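The primary structure of each chain is shown beneath.
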Amino acid sequence: MSDSRPRRPVSPHQPVREQVADALRAALTAGELRPGRVYSAPALAAEYGVSATPVREAMLDLAREGLVETVRNKGFRVTETTERDLADFTEIRALIEVPTAARVARVATAGQLAELRPAADEAVAAARAGDLVSYLDADHRFHLGLLSLAGNPRLVETVGDLRRRSRLHGLAGALTGAGGTRVLVESAREHIELLDLMLAGDADGAERRMRHHLTQARALWAVRRRERVPGRGGNGRAGAGRG
């Protein structure tokens, strides 16, 4: 990562391990950490201006999430989410989130649902700006906030893990074009549409909208693949550039 921009400074208000893990996840999405490449904890620690220990701990967290794998005596290799992985994760999420959206529409109060509005609005703003990292952060808060209204913390934990495992490595670089931004904005707007349906108590509509919304991850993946095909804006090499 020595050729990438300087890392963000570490804040004293959050454990260093958590900050580094969050920063590494963002770097994976942005394509700054490339699939197939091996990164050492000392080198990453120098980038972040911290000791190697919290970096190793953060990388072990990412390894448990399936985002990297350990390479003995060398460091950590970035793994790449395959189409089959994404299809499997999306299928499981749909089995959980689709019926839960209908349930929440029936049981949540207007006040509880209104608390999801800021995250929905932030997702739209980030999508319009082409800021995938901020979009994913808002999307994460919206979905897990919605699921928490079902009153089952294990359900929230499970979906949170699935979301981490299905993170789209290097996708940010593929969303710079009009096509990618359009897909991202469409996905972001569905948060607001879903919220409006739940506020109206339309459980069936919320269920349908959530099902459609989860398919947008596949549309984003398709954008990424097009950008990586030679002659279509990518360089055609796995793990090269920002893809």
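About the thresholds
Residues numbered from 1 in each chain as written. Predicted model: local features only at pLDDT ≥ 70, side-chain atom pairs only at ≥ 80, totals over all residues. Heavy atoms only, no water. Helix = DSSP H or I, 4+ residues; strand = E, 2+ residues; numbered from the N terminus. Buried < 20%, exposed > 50% of the residue type's maximum accessible area, 1.4 Å probe, protein only. Core = buried A, V, L, I, M, F, W, Y, C linked by side-chain atoms within 4.5 Å. Contact = heavy atoms within 4.5 Å. Pairing = 2+ DSSP bridges. Axes fitted to C-alpha atoms, helices over the stretch in contact; angles between N-to-C directions. Parallel < 35°, antiparallel > 145°, perpendicular 65-115°, else oblique. Left-handed = near helix turned anticlockwise from the far one by under 90°. Nonpolar A, V, L, I, M, F, W, Y, C, P; charged D, E, K, R; others polar. Expected span 1.5 Å × (residues − 1). Bend = angle between axes of the 7 residues up to and from the residue. Arc of directions from axis to C-beta. Polar contact = N/O pair within 3.5 Å; in protein donor to acceptor, adjacent residues only side chain to side chain. Salt bridge = Lys/Arg side-chain N within 4 Å of Asp/Glu carboxyl O.

Draft legend 1. Inspection of the environment of Leu 184 at higher detail. With respect to the helices, strands and loops of the structure, Leu 184 is situated in helix H9 (residues 178–199). On the accessibility criterion, Leu 184 (1% relative accessible area) is buried. Counting along the chain gives 54 residues from Leu 184 to Gly 130, while the straight-line C-alpha distance between them is 7.8 Å.

Draft legend 2. Region of interest: the nonpolar core. With 30 residues, the main nonpolar core has Val 104, Leu 113, Phe 142, Leu 146 and Met 198 as its most contacted residues. Of all elements in the fold, only helix H4 (83–107), helix H6 (117–128), helix H7 (132–148), helix H8 (153–165), H9 and helix H10 (203–228) reach the threshold of two or more residues within this core. Ranked by residue count, the leading element in this core is H4, at 8 residues. Other than its neighbours up to four places away in sequence, Leu 146 contacts Ala 101, Val 104, Leu 116, Leu 194, Met 198 and Met 210. Core analysis: the second largest hydrophobic core is formed by 22 residues, Val 20, Leu 24, Val 50 and Val 55 among them.

Draft legend 3. Region of interest: the sheet that holds strand E2 (residues 68–71). What the 3 strands build is an open sheet, ordered E1-E3-E2; its pairing is antiparallel. Looking along the sheet, the strands with just one partner apiece sit at the ends: strand E1 (38–39) and E2. Relative to strand E3 (residues 75–78), E2 runs antiparallel, the two sharing 4 bridges. Note that in E3 the partner of Val 71 across the bridge is Gly 75.

Draft legend 4. Main features of the packing of H4 against H7. Remark: H4 packs on H7, axes separated minimally by 9 Å, with the N-to-C direction vectors making an angle of 60°. Relative to H7, the element H4 is oriented oblique. Viewed along their axes, H4 and H7 form a crossing whose handedness is left-handed. On H7, the residues that touch Arg 93, Glu 97, Thr 100, Ala 101 and Val 104 of H4 are His 143, Leu 146 and Leu 147. Across the contact of H4 with H7, the residue classes tally to 4 nonpolar, 2 polar and 2 charged.

Draft legend 5. Summary view of the pairing of E3. As judged from the 2 bridges shared by E1 and E3, these two strands associate in the antiparallel manner. Bridging from a neighbouring strand, Tyr 39 pairs with Phe 76 of E3. Hairpin geometry of E2 and E3 is characterised by an intervening segment of 3 residues between the two adjacent antiparallel strands and by a positive phi of about 65° at Asn 73.

Draft legend 6. How the structure looks around H4. Taking 1.5 Å as the rise per residue, H4 with 25 residues should run 36 Å; its terminal C-alpha atoms sit 35 Å apart, in good agreement. Approximately 30° is the largest bend angle found in H4, and it occurs at Ala 94.

Draft legend 7. Inspection of helix H2 (residues 41–48) at higher detail. Within H2 the residues assigned to the buried category are Ala 41, Leu 44, Ala 45 and Tyr 48. On an axial view of H2, the arc spanned by its buried residues comes to 105°, and they lie on one face. As for H2, its buried residues are in contact with helix H1 (16–30), E1 and helix H3 (52–64). Among the residues of H2, the N-terminal cap falls to Ser 40, whose side-chain oxygen and the backbone nitrogen of Ala 43 are separated by 3.2 Å. Taken from the residues just after H2, Gly 49 is the one with a positive phi, measuring 70°.

Draft legend 8. Spatial organisation of the pattern of salt bridges. Here the structure, examined in full by the defined rule, presents 15 salt bridges. The partner of Glu 122 in a salt bridge is Arg 141, with the nearest N and O atoms 2.4 Å apart. On the criterion of sequence distance, the pair formed by Glu 122 in helix H6 and Arg 141 in helix H7 is long-range, its members being 19 residues apart. On the basis of relative accessibility, which here comes to 38%, the residue Glu 122 falls in the partly exposed class. On the accessibility criterion, Arg 141 (35% relative accessible area) is partly exposed. Several salt bridges share partner residues, and in doing so they unite Arg 17, Asp 61 and Arg 64 into one network.

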